[in-house]
Amino acid sequence: MTDLQIPDQLADKGARPPARRVLWFAAGATAALLLADLGTRAYNHYDSIPTIRKLVNVDVEANLATWWNSTLILAVAGVALIAALLSGRDARPGRLSWLGLAAATALLSIDESVSLHERLGEVGKSWKEWAGGSLPTHAWVLPGALLAVTGTVIAVLWARKLPHDLRNGILAALGVYLGGALLTEAFNGWALENGHSLVLMLGTLVEEGLEMSGCIVALAVLSRYVVFERDPESGRALVRLRDN
């Protein structure tokens, strides 16, 4: 077991991320953001509020919704990085495994901010032209699905080294995230192509909700492995890896 001590000044201020109260805050903020999108969308039909609408619209980029989703993913990367720093040479999974998880989630955070996955649309279009067929959803979905399958296989192989509860929790979080980022968004692409605006609106809320929920599940699971607590004797805040 390895401990990382946090200075008394931080401990006195209650700096204990990600504790249960932080997770509850993240869940509440996510729910509030989704409700704000739904509420402003409904109000906008009666009285135009373009500035506020753009700020919380989960279906556009470079706004509060995008920032929050990116922040949640980056928080997962941060906890994985802490696990890497606390892992000893003989730890299983080892430091490189945790660094790999941190890098992968950091890349997802970047993608959320700058929409890297949409660049795959050109690849999808070229595949469609080569096959001579059509794809009734976003063009990036097919190459994105191949990347997701590859990433899932790697994640399953990596998770075999984890304790049972941690393994199941991380894979469940991945399943929830992909359910939004890939499956629901593919359905939304179909709704867009066929002009089902109401279905698209509800599907977009589900998509973003699943992505954010997947991150919160991952944080909840990882925070049981990377334990933040206060030393009863010294009063210092401590960070340690759970004894398996």
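Keep in mind the model is a prediction, meaning the values are calculated, not measured.

> Please set out the nonpolar core residue by residue, giving values where relevant.
Judged by nonpolar contacts, the single largest core of 41 residues is most densely connected at L72, W98, L166 and V226. Elements with a minimum of two residues in this core: α2 (20-44), α4 (64-86), α5 (95-114), α7 (141-159), α8 (164-193), α9 (197-222), β2 (226-230) and β3 (237-241). A total of ten residues in this core trace back to one element, the largest contributor, which is α4. Once residues within four sequence positions are removed from consideration, V226 is found in contact with V79, I82, A83, V239, R240 and L241.

> Lay out α2 in plain terms, naming residues and giving numbers.
Its 25 residues give α2 an end-to-end C-alpha distance of 36 Å, which sits within 8% of 36 Å, the value for a rise of 1.5 Å per residue. Looking at α2, one finds that the buried residues are L23, A26, T30, L33, L34, D37, T40 and R41. Elements in contact with the buried residues of α2: α3 (50-56), α4 and α9.

> How would you sum up the packing of aromatic side chains? Please name residues and give values.
Counted by the stated rule, this structure contains five aromatic pairs. Aromatic side chains W98 and Y225 sit 5.4 Å apart centroid to centroid with 25 degrees between the ring planes, which places their arrangement in the stacked category. Of this pair, W98 sits in helix α5 while Y225 is found in the loop between α9 and β2, placing the two residues 127 residues apart along the sequence. Take W98: its relative accessible area is 0%, and that puts it in the buried class. Look at Y225 and you get buried, because its relative accessible area is 4%. Taken together, the ring pairs in this structure connect F25, W67 and W68 into an aromatic cluster.

> For the confidence of the model for the protein, give the residues involved together with the corresponding values.
In this model, the protein carries an average pLDDT of 82, and 83% of its residues clear a pLDDT of 70 or more. Across residues 1-18 the pLDDT falls below 50, and counting only partners more than four positions away or on other chains, this stretch makes 37 contacts in the model.

> Could you give me a rundown of the packing of α7 against α8, with the residues and numbers involved?
Contact geometry of α7 with α8 gives a least axis separation of 11 Å together with a crossing angle of 175 degrees. One finds that α7 runs roughly antiparallel with respect to α8. Contacts between α7 and α8 pair V141, G144, A145, A148, T152, A155, V156, W158 and A159 from the former with R167, I170, L171, L174, L178, L182 and A186 from the latter. Its residues placed into classes, the contact of α7 with α8 shows 13 nonpolar, two polar and one charged.

> Any details on α5? Residues and values, ideally.
An ideal rise of 1.5 Å per residue puts 28 Å on 20 residues; α5 measures up with 29 Å between its terminal C-alpha atoms. S97, W98, L101, A102, T105, S109, D111 and E112 are the residues of α5 that are buried. For α5, the secondary structure elements touched by its buried residues are α4, α7, α8 and α9.

About the thresholds
Residues numbered from 1 in each chain as written. Predicted model: local features only at pLDDT ≥ 70, side-chain atom pairs only at ≥ 80, totals over all residues. Heavy atoms only, no water. Core = buried A, V, L, I, M, F, W, Y, C linked by side-chain atoms within 4.5 Å. Buried < 20%, exposed > 50% of the residue type's maximum accessible area, 1.4 Å probe, protein only. Helix = DSSP H or I, 4+ residues; strand = E, 2+ residues; numbered from the N terminus. Contact = heavy atoms within 4.5 Å. Expected span 1.5 Å × (residues − 1). Phe/Tyr/Trp six-rings, centres within 6.5 Å; stacked < 30°, edge-to-face > 60°. pLDDT = per-residue confidence, 0-100. Axes fitted to C-alpha atoms, helices over the stretch in contact; angles between N-to-C directions. Parallel < 35°, antiparallel > 145°, perpendicular 65-115°, else oblique. Nonpolar A, V, L, I, M, F, W, Y, C, P; charged D, E, K, R; others polar.

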